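As a plain string of letters, each chain reads:
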Amino acid sequence: MVRQLAREGFTAMLGARDLDKGRAAAGALQAEGLDVEARRIDVADAESVRELGAALAEDVGHLDVLVNNAAIHYDTWQRGADADLGVVQEALDTNLLGAWRTAQACLPLLRRSEHGRIVNVSSESGSLASMGAGAPAYSVSKAALNALTRVLAAELGPEGILVNSVCPGWVATDMGGPGGRPVQDGAASVIWAALLPDDGPSGGFFRDGRPVQW
């Protein structure tokens, strides 16, 4: 996603909990001639999020696109009836509250943009229309993220800030495992929402530019 945003002409901020790893990843993209900076952020740590928001306000002054991508605990080993609620709480703190606190910290900067966008990277696992047994922490946290998308879209729409959820599909990442679609294809689904025109949809749930059932 960072690569594709930078190729679209953005100065792309690559967020990482481990700044050394973030700088290594950013360096590989910089070697491609892309405008990428690494920034430290742990979305589960309110102070870390606040510090990033303050640093961006001082260093760049505005933000055009916020992509909330952090997620943990695809807990296929659990069932809701006897789930470890500690795991559920951790999932909610990152997958829902992490996106929420990051949006709050970045909102003053998004308001300074002429085309503010928030993209919440969700999952069809969070669709109530198709939800069933299994992966309770992940599914409930993503359903809640979708609900947050609707709330923020309604509140920020009058200000011209578009807020959408995107399911990138099953992607071959560390969490998704082998066999999924290429990373660049899943990323492109997210970038579509980041590049929406001013009259584009808001408060929606999409994959590859097409609506996903809630």
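Computed from a predicted structure; not experimentally measured.

**Concerning the overall build of the protein chain**
Looking only at helices and strands, one finds 6 helices and 7 strands in the protein chain. Listed by position from the N terminus, the elements making up the protein chain come as α-β-α-β-α-β-α-β-α-β-α-β-β. The C-alpha radius of gyration computed for the protein chain amounts to 17 Å, which stays within 12% of the reference 17 Å derived for 214 residues, consistent with globular compactness. Taken over 214 residues, the protein chain has a buried fraction of 44%.

**Brief notes about the side chain of S141**
In this structure, S141 sits in helix α5 (residues 136-156). Polar side-chain contacts of S141 include one of 2.8 Å to the backbone oxygen of Y138.

**Re the sheet that holds strand β5 (residues 162-166)**
As summarised here, the arrangement of the 5 strands in space is β3-β4-β5-β6-β7, forming an open sheet in which the pairing is mixed. The outermost strands of the open sheet, each flanked by one partner alone, are β3 (65-68) and β7 (210-211). The strands touched by helix α6 (residues 183-194) within the sheet are β3, β4 (117-121), β5 and β6 (205-207), with β4 carrying the most contacts at an inclination of about 155°.

**Quick notes on helix α2 (residues 19-30)**
Relative to the 16 Å expected for 12 residues at 1.5 Å per residue, α2 spans 16 Å between its end C-alpha atoms, a close match to the ideal helical length. Regarding α2, the residues found buried are G22, A26 and L29. Buried residues in α2, looked at end-on, bunch into an arc of 50°, giving them a common side. Exposed residues pointing more than 90 degrees away from the buried face of α2 are listed as D20, K21, R23 and A24. On its buried face, α2 is in contact with α1 (2-7), β1 (12-16) and β2 (36-40). N-capping of α2 is provided by D18, with a side-chain oxygen placed 3.0 Å from the backbone N of D20.

About the criteria used
Residues numbered from 1 in each chain as written. Predicted model: local features only at pLDDT ≥ 70, side-chain atom pairs only at ≥ 80, totals over all residues. Heavy atoms only, no water. Helix = DSSP H or I, 4+ residues; strand = E, 2+ residues; numbered from the N terminus. Rg over C-alpha atoms; globule rule 2.2 N^0.38 Å. Buried < 20%, exposed > 50% of the residue type's maximum accessible area, 1.4 Å probe, protein only. Polar contact = N/O pair within 3.5 Å; in protein donor to acceptor, adjacent residues only side chain to side chain. Pairing = 2+ DSSP bridges. Contact = heavy atoms within 4.5 Å. Axes fitted to C-alpha atoms, helices over the stretch in contact; angles between N-to-C directions. Expected span 1.5 Å × (residues − 1). Arc of directions from axis to C-beta.

These figures capture arrangement, not role.
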